[in-house]
Every structure is written in structure tokens, then in C-alpha cells.
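Letter by letter, the chains look like this.
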Amino acid sequence: MIEYVQGKRNAEQHVIIIADDKNKKVKEQLLLGFPGADTLKVTQEEKNIGINIEKLTELLSEEADNWVFVETDNFKLVSSVSSILNSMNTKDRKVRMFTTNKNNAFDNEVISNSHLSNLHFTYPSVYKI
């Protein structure tokens, strides 16, 4: 997936990585593949997990397309992040969402397929077309 995105990417995209604690290794691999990428910390409390919306807003570029990697197996985080990114995906600010591991969290019934579609959600697949 990293090689695929590297092949599609040019200097016009801004990469942001959102990875929870369980996905530190993937985050490190992404940072190696995209050395200039920004990262956003995932905060986890007893039953809640999320991101700082103000910090994300600061990181998103209006000049370049924003390619955001979301690395988690927590459906609550996927739901929250995809909803936030969808609301920030406007005519003036382009946002696209990626993951290196499309697990069950992305298929949960609380995840909006229209949000994923609006974000041109991209993930690796074992099926070839």
C-alpha cells in the first residue's frame, strides 16, 4: 500500500498519519515512506478514543491535497475520524483517506459508507480487478 501511494503521489499532496498505540509499527513504516508527513496523536480514555479536531484543522492544507492514513482496529476511531474528515473535505480543502489494513473496524455498521466514498477511501485488497 505504501508503494502504491508513493507511486501515485507527487509533491502536491500533504500526508497526515493518524495511528493508535496498537499501530505504532505501521506508523513508523509510513513515516519512513513519507518522511515529511505530519502525525496526529490519538487520545484514549476509559471508553473514549479520538483526536484533537483543532490540531487536525491546523495540519490540513488548503493549498495541497491532504492524504490521511488512518491506522486502527477501533471502529469508534474510524467513525469519528471519517466523519471529521468528511466535514473538512470541501471545495477549498481536498481530503482523501487511506489505510494499510482494512479490518472489521472499517466495515462496522456505524461507519458511514457515504463518508468513506466522499473521502475516496483507499485500502489494499487481495482481489485483483
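Above this text you will find the structure in question.
Residues numbered from 1 in each chain as written. Predicted model: local features only at pLDDT ≥ 70, side-chain atom pairs only at ≥ 80, totals over all residues. Heavy atoms only, no water.

Colleague: Could you give an account of the overall build of the protein chain, naming the residues involved and the relevant values?
Modeller: Counting its secondary structure elements, the protein chain contains 5 helices and 6 strands. For the protein chain, the N- to C-terminal ordering of α and β elements is α-β-α-β-β-β-α-β-α-β-α. By the compact-globule yardstick of 14 Å for 129 residues, the protein chain fits well, its C-alpha radius of gyration being 14 Å. Principal-axis analysis of the C-alpha atoms places the extent of the protein chain at approximately 40 × 35 × 30 Å. Classification of the 129 residues of the protein chain by burial places 43% in the buried group. Taking contacts inside the protein chain between residues at least 6 apart in sequence as the whole, the part at least 24 apart equals 70%. Of the roughly 8000 Å² of accessible surface on the protein chain, 44% is carried by carbon and sulfur atoms. (Helix = DSSP H or I, 4+ residues; strand = E, 2+ residues; numbered from the N terminus. Rg over C-alpha atoms; globule rule 2.2 N^0.38 Å. Buried < 20%, exposed > 50% of the residue type's maximum accessible area, 1.4 Å probe, protein only. Contact = heavy atoms within 4.5 Å. Areas by Shrake-Rupley, 256 points an atom, 1.4 Å probe, with all protein chains shown as cover.)

Colleague: Tell me about helix α4 (residues 75-88), residues and numbers included.
Modeller: The terminal C-alpha atoms of α4 lie 20 Å apart, and with 14 residues this matches the ideal 20 Å at 1.5 Å per residue to within 8%. Within the sequence span of α4, burial applies to Leu-77, Val-78, Val-81, Ser-82, Ile-84, Leu-85, Asn-86 and Met-88. Among the residues of α4, the N-terminal cap falls to Asn-74, whose side-chain oxygen and the backbone nitrogen of Lys-76 are separated by 2.8 Å. (Expected span 1.5 Å × (residues − 1). Polar contact = N/O pair within 3.5 Å; in protein donor to acceptor, adjacent residues only side chain to side chain.)

Colleague: Explain the packing of aromatic side chains to me, using residue names and the numbers behind them.
Modeller: Geometry of an aromatic ring pair is reported as the spacing of the ring centres plus the angle between the planes. All told, the structure shown has 5 aromatic pairs when counted by the stated rule. Consider the rings of Phe-34 and Phe-69, whose centres lie 5.6 Å apart with planes at 35°: the pair is tilted. Of this pair, Phe-34 sits in the loop between α2 (24-33) and β2 (38-40) while Phe-69 sits in strand β5 (residues 65-71), placing them 35 residues apart in sequence. Here Phe-34 falls in the buried class, since its relative accessible area comes to 2%. The exposure class of Phe-69 is buried, given its relative accessible area of 0%. With centroids separated by 5.2 Å and ring planes inclined at 50°, the aromatic side chains of Trp-67 and Phe-98 adopt a geometry described as tilted. With Trp-67 in strand β5 and Phe-98 in strand β6 (residues 95-98), this pair connects stretches of sequence that are 31 residues apart. (Phe/Tyr/Trp six-rings, centres within 6.5 Å; stacked < 30°, edge-to-face > 60°.)

Colleague: Explain the pairing of β6 to me, and be specific about the residues and the numbers.
Modeller: Pairing of β5 with β6, which is carried by 4 bridges, proceeds in the parallel orientation. From the neighbouring strand, Phe-69 faces β6, where its bridge partner is Phe-98. Taken together, β5, α4 and β6 constitute a β-α-β crossover, and its handedness is right-handed. (Pairing = 2+ DSSP bridges. Right-handed = clockwise from strand over helix to strand, strands pointing away.)

Colleague: An account of α2 is requested, with residue identities and associated values reported.
Modeller: An α-helical turn contains 3.6 residues, so a residue and the one three or four places further along point in the same direction. Looking only at α2, the buried set comprises Val-26, Leu-30 and Gly-33. Buried residues of α2, viewed axially, fall in a sector of 60°; they line one side. Across from the buried face of α2, at angles greater than 90 degrees, the exposed residues are Lys-25 and Leu-32. In this structure, the buried side of α2 is in contact with α1 (2-8), β1 (13-19) and β5. (Arc of directions from axis to C-beta.)

Colleague: Break down the environment of Asp-92 for me, with residues and values.
Modeller: Considering the arrangement of structural elements, one finds Asp-92 in the loop between α4 and β6. Considered as a pair, Asp-92 and Ala-64 are 28 residues apart in the sequence and their alpha carbons are 9.7 Å apart.

Colleague: So, the nonpolar core: which residues are in play, and what are the values?
Modeller: Grouped together as the largest cluster of nonpolar side chains are 25 residues, with contacts concentrated most on Ile-18, Ile-51, Leu-56, Val-68, Leu-85 and Met-97. Take this core: its biggest share by element is 6 residues, from α4. The contacts of Leu-56, once residues within four sequence positions are left out, are Ile-16, Leu-40, Ile-51, Ile-84, Leu-85 and Met-88. In terms of nonpolar packing, the next biggest core, distinct from the first, is built from 12 residues, Val-5, Val-26, Leu-30 and Ala-37 among them. (Core = buried A, V, L, I, M, F, W, Y, C linked by side-chain atoms within 4.5 Å.)

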